[in-house]
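Structural description and commentary
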Amino acid sequence: MKVAVLGLGYVGTVTAGALAANGHEVCGVDIDAGKVAMIAAGRSPVVEPGLDELVSEAVAKGSLRATTDLSEALAGAELSLVCVGTPSLPQGATDLGSIARAVTAMATSLRTVEGPASGHHALVIRSTVPPGTLQELVDPLVAEQMSSSSLAVGTGVCPEFLREGSAIADFTDAPFTVVGTEDPRVGDTMNRLFRFVDGPVRVVPPPVAEGLKYACNAFHATKVSFVNELGRLFRQLGVDSREVLELFCEDTKLNISSQYLHPGFAFGGSCLPKDLRALLYLGRMNSLDLPLLAGTLATNALSVSEVVNRVLLSNANEVALLGLSFKMNSDDLRESPYVDLAETLIGKGFDLRIYDPIVDPATLIGTNRQYVDAKLPHLRRVLTSNPADALRNADVALVSSSHPSVIAALIADAPNLIIDMNGHLGAPVEALPGYEGVAW
Ligand SMILES: NC(=O)c1ccc[n+]([C@@H]2O[C@H](COP(=O)([O-])OP(=O)(O)OC[C@H]3O[C@@H](n4cnc5c(N)ncnc54)[C@H](O)[C@@H]3O)[C@@H](O)[C@H]2O)c1
């Protein structure tokens, strides 16, 4: 495939070199004539293990060249990959100036250059860009220039996940390639481009691909800070954090797994909040700040207040809370965030009714009973014995239970707003007009 790669920095040079080494005909473009000259001389403009060799071999066999002339690179190309920089502005926003300038220049050039035989060009953003950039910035720029052109230009985003230092292996051995596009021809082009890579090409809506890149980087950064924060504390406590983390990583059921990585409501229960507080206390006793762990409790509280705000904004009077324990199939109400939610809603004057298939006020005993009496003394008054009673005349339903009786009652008598608290309600409820996810 004839491919133009814009921006010959780390991402662009690795992309250009790896594609050229795997059967594609690549022309790199940069506004920096020095970088173009280096590629032309068979050298990589950036330092990366193995990249000099990759570039020199590809240039020698004629599958890679470089130019400062955009039209020369785009002539006959089926695909262009935009790899220009997207640095931070002083206040943290992403500077999309290079993207806007590159895309405008490309669309202008594509209007006049000779197109590929297919009559379709895929313009794909490889740079990291905030969700919405393709649809709100790139598409209008392309549409403005291409309205009177015979060449069809489809757009997409294909974020790069390589790490400097192991970039070539990361590129060719990626777990998957994600393409965000609304144009099936862009998806086809990217599938053909990456045929030499083992991992599958996953075609998704553009904002999902854009968001994924940020999710990955935020997660990786959080992992580093998590272990370092624990390490600071454990060092003070005389605990070998390396040994702890080695064992920690052996648990591929709960720790290194997809567990706890599903968007939903706040965590709770008898252990997680209590043990986080204990660690924070140990930190204070050792004069250590543990902002990540403290922030975890703070952001958990925001999950509750955000739902309260959504109920307030809905102008509801009557609210049904379907599911009260912190997880399905448990009657443990200790530190259930749903209990907090119920208390706050009652405190704000809402007419709240609660149904939970396994929290029966008549049979609550022991610490649960004490907990209910202390934390939610009105529980008996607002608990109903079936979901239909809870839902009668309700303006809003907050639903964490996916018990069949709850699903059936929702479908029979759906309120104007249904907030799904954990994503387990299933397609028939998701199809109801008032359905909303709590965090999606
Ligand atoms: N560096 C990484 O490890 C890495 C990994 C994954 C994703 N990314 C993302 O990829 C993008 C590129 O990162 P990078 O580190 O390769 O950047 P870089 O700064 O090394 O390279 C960007 C290149 O784009 C060129 N350029 C700017 N405007 C241009 C234009 N209009 N036409 C042609 N060339 C132009 C610049 O001269 C420069 O050579 C960023 O969005 C970054 O966040 C980087």
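It should be emphasised that the depicted structure is a prediction, and the values quoted were computed from it without experimental measurement.

In this structure, A4, L6, V82, V103 and V124 are the most contacted members of the largest nonpolar core, which totals 62 residues. Sort the elements by how many residues they give to this core and helix α1 (residues 10-21) lands first, with eight residues. With sequence-adjacent residues up to four places away left out, V103 is seen in contact with V82, V138, L141 and V142. Among the nonpolar cores identified, the runner-up in size contains 43 residues, and F265, F350, A390 and V396 belong to it.

Let us look at the pairing of strand β9 (residues 318-322). When you tally the buried positions in β9, you get four out of five residues, the bulk of the element. Sheet topology note: the β9/strand β10 (residues 351-355) ladder contains five bridges and is parallel. Bridge assignment links E318 to a residue of β10, and that residue is D351. Regarding topology, helix α13 (residues 337-347) serves as the crossover connection from β9 to the parallel β10, and that connection is right-handed.

Let's shift gears to the domain arrangement of the protein chain. Assigned domains of the protein chain: these are domain 1 (2-205) and domain 2 (299-437). A C-alpha centroid distance of 49 Å is found between domain 1 and domain 2.

Turning to the site of the ligand, a few remarks are in order. Taken together, 24 residues sit near the ligand, with G7, G9, V11, G85 and S127 positioned nearest. Contributions of two or more residues to the shell around the ligand are made by α1 and α5 (97-112). For the shell around the ligand, the class distribution of residues is 10 nonpolar, eight polar and six charged.

Going residue by residue along strand β4 (residues 79-82), you find L79 and L81 tucked away on one face and S80 and V82 tucked away on the opposite face as well. For β4 and strand β5 (residues 120-125), the ladder comprises four bridges, and the chain directions are parallel. Bridge pairing links L81 to V124 in β5. The β-α-β motif built from β4, the intervening α5 and the parallel element β5 has right-handed crossover chirality.

Strand order in this open sheet of five strands is β10-β9-β11-β12-β13, and the pairing throughout is parallel. Only two strands of the sheet have a single partner each, and these edge strands are β10 and β13 (435-437). Neighbouring strand axes in the sheet, compared pairwise and without regard to direction, differ in orientation by 20° on average. Note: β9 against strand β11 (residues 396-399), four bridges, orientation parallel. Note that in β11 the partner of V319 across the bridge is V396.

Turning our eyes to something else, we now look at the packing of α5 against helix α6 (residues 133-146). Where α5 contacts α6, the axes come no closer than 9 Å and their chain directions differ by 25°. Relative to α6, the element α5 lies roughly parallel. Crossing of α5 against α6: the hand is right-handed. Along the contact surface, α5 presents I99, A100, V103, T104, A107, T108, L110 and R111, while α6 presents L137, V138, L141, V142, Q145 and M146.

For the rest of this paragraph, the subject is unusual backbone geometry. Of note, the phi angle at Y260 is positive, near 65°, even though the residue is not glycine. Inspection of the secondary structure puts Y260 in the loop between α10 (241-250) and α11 (272-285). For Y260, a count of 10 C-beta atoms within 10 Å translates into the label exposed. One non-glycine residue, S287, lies in the positive phi region at around 55°. The exposure class assigned to S287 is exposed, which follows from the 7 C-beta atoms found within 10 Å.

What counts and how
Residues numbered from 1 in each chain as written. Predicted model: local features only at pLDDT ≥ 70, side-chain atom pairs only at ≥ 80, totals over all residues. Core = buried A, V, L, I, M, F, W, Y, C linked by C-beta atoms within 7 Å. Buried ≥ 20, exposed ≤ 12 C-beta atoms within 10 Å, placed from the backbone. Helix = DSSP H or I, 4+ residues; strand = E, 2+ residues; numbered from the N terminus. Contact = placed C-beta atoms within 7 Å. Pairing = 2+ DSSP bridges. Right-handed = clockwise from strand over helix to strand, strands pointing away. Domains from an automatic or database assignment. Near = placed C-beta within 6 Å. Nonpolar A, V, L, I, M, F, W, Y, C, P; charged D, E, K, R; others polar. Axes fitted to C-alpha atoms, helices over the stretch in contact; angles between N-to-C directions. Parallel < 35°, antiparallel > 145°, perpendicular 65-115°, else oblique. Left-handed = near helix turned anticlockwise from the far one by under 90°.

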